[in-house]
Each structure stands twice: as structure tokens, then as C-alpha cells.
Amino acid sequence: MNRRIDMIKEDRKKLFRTESLERLNKASGFGSYQIDKKILRLLYHTVTQSNAKHVMLYLPLKTEVNLYPLILRLRKEKKVLYVPFMEGESFRLVKYRLPLKKKQFGIKEPNDSKQFRNKNIDLAIVPMVGVDSTHRRVGFGKGMYDRFFEKQSKTIKQTVFVARELCYSREIVTDDYDVKADMIIAAQPFFQR
């Protein structure tokens with residue numbers, strides 16, 4: 001019986017992911033520059049308000065908020081920036097630096113470097129496909145962020161999810177192991193826990 005319930009929940013999660021990705025693809029066309037600009041202002045305000053010095057970011061795909069202008073601004077302010085470096089079914093953090101190379105799933109990464117030494121991340125900015133009523137993340141379905149956060153959650157002070165459009169499910173489609181947000185920033189009004 002529990003196995004059947006889990007399968008039904010997983011089917012709902014897959015359907016929600018597919019519908020959300022369609023919405024994000026549409027939102028990534030005309031007008032996405034203005035949406036990103038608004039979200040980046042809110043993200044920058046969040047970074048400064050939390051006095052974050054060590055920030056985890058992502059290098060965006062086409063459907064994700066373009067963080068490059070924020071990265072440039074934070075680097076000028078001497079913030080220490082970390083980005084994911086894919087390893088097997090998860091990733092580890094490396095310092096952001098140029099040049100970037102396109103790798104697995106079309107994701108850009110810096111060259112491999114030593115793993116981050118600092119054990120604390122003040123603010124983690126994480127892309128999302130969608131979120132449900134528990135404020136847990138639905139991503140692309142690879143589980144990389146879930147595996148990373150499972151090991152590192154105690155060293156991350158605050159987690160912020162971002163997306164161009166808030167794809168929200170009132171129905172619980174996530175699992176206990178899915179990453180949970182402290183704050184969600186999207187083009188619509190955002191949530192803060």
C-alpha cells in the first residue's frame with residue numbers, strides 16, 4: 001500500500017515538474033531580462049541584508065535566472081563565491097573563477113580546483129523548477145542539490161530559491177529529503193520563512 005502511495009506521489013511530482021518546466025521555458029523568452037533584473041535586485045538586497053561574505057551560487061541554464069550580473073557585482077565587492085562542480089551524482093563547491101567550460105547537462109563550470117576550505121556558507125542561492133506547500137524544492141530530477149544539502153546543510157546559514165516564475169503546488173509533491181527554502185524569490189511576490 002505505501003509503495004503504491006509513493007508511486008502516485010512520484011507521478012504527481014513528475015507531472016508538476018513537466019508543467020513547471022513548460023511555464024519556465026515560456027518565461028525565458030521575451031521579457032526575461034526585465035524579470036531577471038528585478039530578481040537580481042532582490043537577491044543583492046538579501047545578500048547585503050544578511051551580511052553574507054561566503055555565497056554559493058549557480059551558473060544558469062537558459063530557463064534559470066541569469067546570475068552573471070550579480071556574480072560580477074559581488075566579485076567587485078570581494079565576496080567569496082562558490083559554484084557547483086559536478087562529481088558523479090552530486091557536486092562539490094569550488095571557488096568561482098574564469099574561464100568557464102560547458103560540461104554535463106550544458107552546465108558551465110570553472111576548471112577543477114581545490115574544494116572550498118571554508119566550512120560555512122552564509123547564503124546559498126539555488127535555482128528551482130517549482131516548490132510545494134512545504135517550501136521544498138522540485139528541481140530537474142537528478143537529485144544533485146538534495147545529495148549536496150544532505151551532507152552540507154549544517155554549514156549553510158540561509159537558503160534562497162529563485163525562479164523567473166513561481167511554479168507552486170498546494171499539494172505536497174516533494175519528499176522529506178528535498179531541499180527546503182528559507183526564502184523564495186520569483187517575479188511574483190516572494191516567501192520568507
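Small disclaimer: the values here were computed from a predicted structure and weren't measured. (Residues numbered from 1 in each chain as written. Predicted model: local features only at pLDDT ≥ 70, side-chain atom pairs only at ≥ 80, totals over all residues. Heavy atoms only, no water.)

Participant: It is not clear to me how the nonpolar core should be interpreted in this structure. Could you clarify?
Facilitator: Most often, soluble globular proteins keep nonpolar side chains buried together rather than apart. Membership of the largest hydrophobic core comes to 52 residues, with the highest contact counts inside it found for Leu43, Met56, Leu67, Leu70, Ile125 and Phe149. If we ignore the near neighbours within four places in the chain, the residues touching Leu43 are Leu67, Leu70, Ile125, Val160, Val162 and Ile185. (Core = buried A, V, L, I, M, F, W, Y, C linked by side-chain atoms within 4.5 Å. Buried < 20%, exposed > 50% of the residue type's maximum accessible area, 1.4 Å probe, protein only. Contact = heavy atoms within 4.5 Å.)

Participant: Hey, could you run me through helix 4 (residues 144–152) in this one?
Facilitator: Think of an α-helix as turning once every 3.6 residues; residues three or four places apart then point the same way. Those residues of helix 4 that fall on the buried side of the exposure criterion are Met144, Tyr145, Asp146, Phe148, Phe149 and Gln152. The elements touched by buried residues of helix 4 are strand 1 (54–56), strand 2 (80–87), strand 3 (90–95), strand 6 (123–127), strand 8 (137–138) and strand 9 (159–162). (Helix = DSSP H or I, 4+ residues; strand = E, 2+ residues; numbered from the N terminus.)

Participant: Hey, could you run me through the pairing of strand 9 in this one?
Facilitator: It is a general feature of regular strands that their side chains alternate between the two faces of the sheet. Here strand 9 shows a buried face lined by Thr159 and Phe161 and a second buried face lined by Val160 and Val162. Bridging between strand 6 and strand 9 involves 4 bridges; their strand directions are parallel. In the sheet register, Val126 faces strand 9, and the bridge partner there is Phe161. Bridging between strand 9 and strand 11 (residues 183–185) involves 3 bridges; their strand directions are parallel. The residue of strand 11 that forms the bridge with Phe161 is Ile184. (Pairing = 2+ DSSP bridges.)

Participant: Can you walk me through the layout of surface pockets in this structure?
Facilitator: To find leftover empty space, one rolls a probe the size of a water molecule over the atoms. By volume, the second largest pocket is sized at about 170 Å³. Lys37, Leu40, Arg41, Tyr44, Pro69, Leu70 and Arg73 are the residues that line the second largest pocket. Of all elements in the fold, only helix 2 (32–49) and helix 3 (68–76) reach the threshold of two or more residues within the lining of the second largest pocket. (1 Å grid on protein atoms, 1.4 Å probe; cavity = no way out; pocket = protein on both sides within 12 Å on 5 of 7 lines; lining within 4 Å. Points joined across faces, edges and corners; volume = space filled by probe spheres on them.)

Participant: Could you clarify how one ought to interpret the sheet that holds strand 7 (residues 130–132) in this entry?
Facilitator: Hydrogen bonds between backbone groups are what pair the strands of a sheet, and the pairing can be parallel or antiparallel. A sheet is described by the order of its strands in space; here 3 strands give the open sequence 8-7-10, paired in mixed fashion. Each end of this open sheet is capped by a strand with a single partner; those strands are strand 8 and strand 10 (168–169). Where strand 7 and strand 8 come together, 2 bridges link them in antiparallel fashion. Note that in strand 8 the partner of Gly130 across the bridge is Val138.

Treat this as a map of the structure, not an account of what it does.
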